[in-house]
Amino acid sequence: MDFWKDVYGFQMSCMRNETVKEVLVTTVADHAVVSNCVVIKEIDALRCQVDQLEFVAEAQLVAHRQCSMHAVCAFFDVGFAAGLVHPVSFSTSPSAPSTHWKQAVFLLPQAIELRQGESVAVQVECRKNRKHPRSLDIALTLNGTRLKYWMD
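The sections below set out a description of the structure shown in this document. (Residues numbered from 1 in each chain as written. Predicted model: local features only at pLDDT ≥ 70, side-chain atom pairs only at ≥ 80, totals over all residues. Heavy atoms only, no water.)

Moving on to the pattern of salt bridges. Taken as a whole and assessed by the stated rule, the structure comprises 5 salt bridges. Residues Arg 115 and Glu 118 are paired through a salt bridge, measuring 3.8 Å at the closest nitrogen-oxygen approach. We classify Glu 118 as partly exposed; its relative accessible area is 25%. Each of the salt bridges in this network shares a partner with another, and the network as a whole consists of Glu 125, Arg 127 and Arg 146. (Salt bridge = Lys/Arg side-chain N within 4 Å of Asp/Glu carboxyl O. Buried < 20%, exposed > 50% of the residue type's maximum accessible area, 1.4 Å probe, protein only.)

Here it is in structure tokens:
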């Protein structure tokens, strides 16, 4: 996030607070993942109701090594099996081959310093944006600190 301190010679730190609120869709290298991966929501696309797409979930992330955690990465795995002789599945995980969906990255305004084995309590709240129905409002609470994001 130090990028905004000097943008081609211009001090643009005022942009930092706003840009951190937008979810970044990009490819995350597998070696950049510093914790375990956890499932925050399972969706049965055959039986799912629209109201089930808004949710609150809790998880614990455990650091694999001593590190500075600068972001939270989200991805999805999907499987199509119903009625198929040969089920199809794929993952958008950083450890899987890249797809055009990439990963969703929630930048943190301040890095969280972690020791190996230390955990971070995470709560994820996902809601459809009321003004823009194709956008999401997502709140992450990390160790009690609530951060708000939006995703188009």
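Next comes the rest of the account.
This part covers unusual backbone geometry. A positive phi is found at Lys 102, a non-glycine position, where the angle reads about 55°. Relative to the elements of secondary structure, Lys 102 occurs in the loop between β5 (88-91) and β6 (103-114). Under the relative-accessibility criterion, Lys 102 is labelled partly exposed at 35%. (Helix = DSSP H or I, 4+ residues; strand = E, 2+ residues; numbered from the N terminus.)

Turning next to the sheet that holds strand β2 (residues 55-62). The strands making up a sheet associate through hydrogen bonds between their backbones, and the pairing can be parallel or antiparallel. Ordered in space as β2-β7-β8-β9, the 4 strands form an open sheet in which the pairing is antiparallel. At either end of the open sheet lies a strand with only one pairing partner, and these are β2 and β9 (145-151). Going across the sheet, the axis of each strand differs from the next one's by a mean of 20°, ignoring polarity. As judged from the 8 bridges shared by β2 and strand β7 (residues 119-128), these two strands associate in the antiparallel manner. Of the residues in β7, the one forming a bridge with Val 56 is Glu 125. (Pairing = 2+ DSSP bridges. Axes fitted to C-alpha atoms, helices over the stretch in contact; angles between N-to-C directions.)

Moving on, we get to a nonpolar patch on the surface. Where nonpolar side chains cluster on the molecular surface, the patch consists of Ile 43, Val 50 and Leu 53 and spans about 290 Å² of accessible area. Here Ile 43 shows up in the loop between β1 (24-26) and β2. (Patch = residues over 30% accessible without salt bridge, like charges linked within 9 Å, V, L, I, M, F, W, Y side chains within 5 Å. Areas by Shrake-Rupley, 256 points an atom, 1.4 Å probe, with all protein chains shown as cover.)

By the secondary structure assignment, Met 151 is in strand β9. Each C-alpha atom, one on Met 151 and one on Arg 134, is 8.8 Å from the other, the two residues being 17 residues apart in sequence. Sequence-distant contacts of Met 151, that is, excluding residues within four places in its chain, are made with Val 23, Val 25, Ala 104, Arg 134, Ser 135, Leu 136 and Ile 138. (Contact = heavy atoms within 4.5 Å.)

Quick look at the nonpolar core now. Within the largest apolar cluster, 23 residues are counted, with the highest numbers of intra-cluster contacts made by Met 69, Phe 106, Leu 108 and Leu 142. Counting only elements with at least two residues in this core, the list comes to β2, β3 (67-74), β6, β7, β8 (136-142) and β9. For this core, the element with the highest residue contribution is β6, accounting for 5 residues. In this structure Met 69 touches Val 34, Leu 108, Gln 110, Ala 111, Ile 112, Leu 114 and Leu 142, once residues within four positions along its chain are discounted. (Core = buried A, V, L, I, M, F, W, Y, C linked by side-chain atoms within 4.5 Å.)

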